[in-house]
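# Secondary and tertiary structure notes
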Amino acid sequence: MADDLLETGKRIRGEVIGEARSAAALAGATEFDRPFQELALRYCWGEVWGRPGLPRRDRSLVNLAMLAALGKPNELKIHLRGALTNGVTRAEIQEVFLQLCIYAGVPAAGEAFRVAREVFEEAEFADKG
């Protein structure tokens, strides 16, 4: 069962955040952090993201709100890219961050908007290249 979850997690993470980024995370794992990488693949990506209860785009919206509220800009950046891949629009991201402002505070929302602008600019640059 655990190997099925690991494979499912690899597949889903690759589909959401990109095969190259997902493979790089595994390839860069050391003996020290490999158990963490595998745990995240099995349970975060395989078990939770693999559940049928929410579509991926909704999971992305939830993740954006949580990561921004927790002040995790590196993970937020990764999941912003994934949200765009999952069909979330910039307007929807804007609404999530406005809601975040009210419930988690102006500093959290300000940082979330800053990170999103960075991701959007990178995406526009990549589209032009």
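To keep things clear, this report deals only with the structure shown in the data block. What you see is a predicted model; the values in this text were computed from it and never measured. (Residues numbered from 1 in each chain as written. Predicted model: local features only at pLDDT ≥ 70, side-chain atom pairs only at ≥ 80, totals over all residues. Heavy atoms only, no water.)

### What to know about the overall build of the protein chain
Across its full length, the protein chain holds seven helices and zero strands. For 129 residues, the compact-globule estimate of 2.2 N^0.38 gives 14 Å, and the protein chain sits close to it at 15 Å. With respect to the principal axes defined by its C-alpha atoms, the protein chain has extents near 40 × 35 × 30 Å. Expressed as a percentage of the 129 residues in the protein chain, the buried residues total 35%. Once local pairs closer than 6 in sequence are excluded, the contacts in the protein chain between residues at least 24 apart make up 64%. When the accessible area of the protein chain is evaluated, it comes to approximately 7,800 Å², of which 59% is carbon and sulfur surface. Across the protein chain, the mean location of the 17 positive side-chain charges is 2 Å away from that of the 19 negative side-chain charges. (Helix = DSSP H or I, 4+ residues; strand = E, 2+ residues; numbered from the N terminus. Rg over C-alpha atoms; globule rule 2.2 N^0.38 Å. Buried < 20%, exposed > 50% of the residue type's maximum accessible area, 1.4 Å probe, protein only. Contact = heavy atoms within 4.5 Å. Areas by Shrake-Rupley, 256 points an atom, 1.4 Å probe, with all protein chains shown as cover. Lys, Arg positive; Asp, Glu negative; His and termini not counted. Charge placed at Lys NZ, Arg CZ, Asp CG, Glu CD.)

### Considering helix H5 (residues 73–85)
For H5, which comprises 13 residues, the first-to-last C-alpha distance of 18 Å matches the rise-based estimate of 18 Å (1.5 Å per residue) to within 8%. Positive phi shows up at glycine 87, right after H5, with a value of about 90°. (Expected span 1.5 Å × (residues − 1).)

### Brief notes about the nonpolar core
Membership of the largest hydrophobic core comes to 19 residues, with the highest contact counts inside it found for Leu64, Leu76, Leu80, Ile93, Phe97 and Leu100. When residues of this core are traced back to their parent elements, those giving at least two are helix H4 (56–69), H5, helix H6 (90–104) and helix H7 (106–128). Top element by residues in this core is H7. It accounts for seven residues. Apart from the residues within four sequence positions on either side, leucine 76 is in contact with Leu64, Leu67, Ala68, Phe97, Ala112 and Val115. Formed by eight residues, the second largest nonpolar core is a distinct cluster that contains Ile12, Leu26, Trp45 and Trp49. (Core = buried A, V, L, I, M, F, W, Y, C linked by side-chain atoms within 4.5 Å.)

### Remarks on the packing of aromatic side chains
Per the counting criterion, the structure on display carries two aromatic pairs. Between the aromatic rings of tryptophan 45 and tryptophan 49, the centroid separation amounts to 4.9 Å while the plane-to-plane angle is 25°, which identifies the pairing as stacked. Just as tryptophan 45 is buried, tryptophan 49 falls in that class too. Ring geometry for phenylalanine 97 against phenylalanine 113: centres 5.6 Å apart, planes inclined by 75°, an arrangement best described as edge-to-face. A residue pair is termed long-range when its members are at least 10 positions apart, and phenylalanine 97 in helix H6 and phenylalanine 113 in helix H7 qualify at 16 residues. (Phe/Tyr/Trp six-rings, centres within 6.5 Å; stacked < 30°, edge-to-face > 60°.)

### Some points on the side chain of serine 60
Looking at where serine 60 falls in the secondary structure, it is placed in helix H4. Accessibility expressed as a relative area gives 1% for serine 60, which makes it buried. Reaching out from serine 60, the side chain makes a polar contact with the side chain of asparagine 86 at a distance of 2.8 Å. Ignoring any residue separated from it by four or fewer positions in sequence, one finds serine 60 in contact with Trp49, Gly82, Ala83, Asn86 and Val88. (Polar contact = N/O pair within 3.5 Å; in protein donor to acceptor, adjacent residues only side chain to side chain.)

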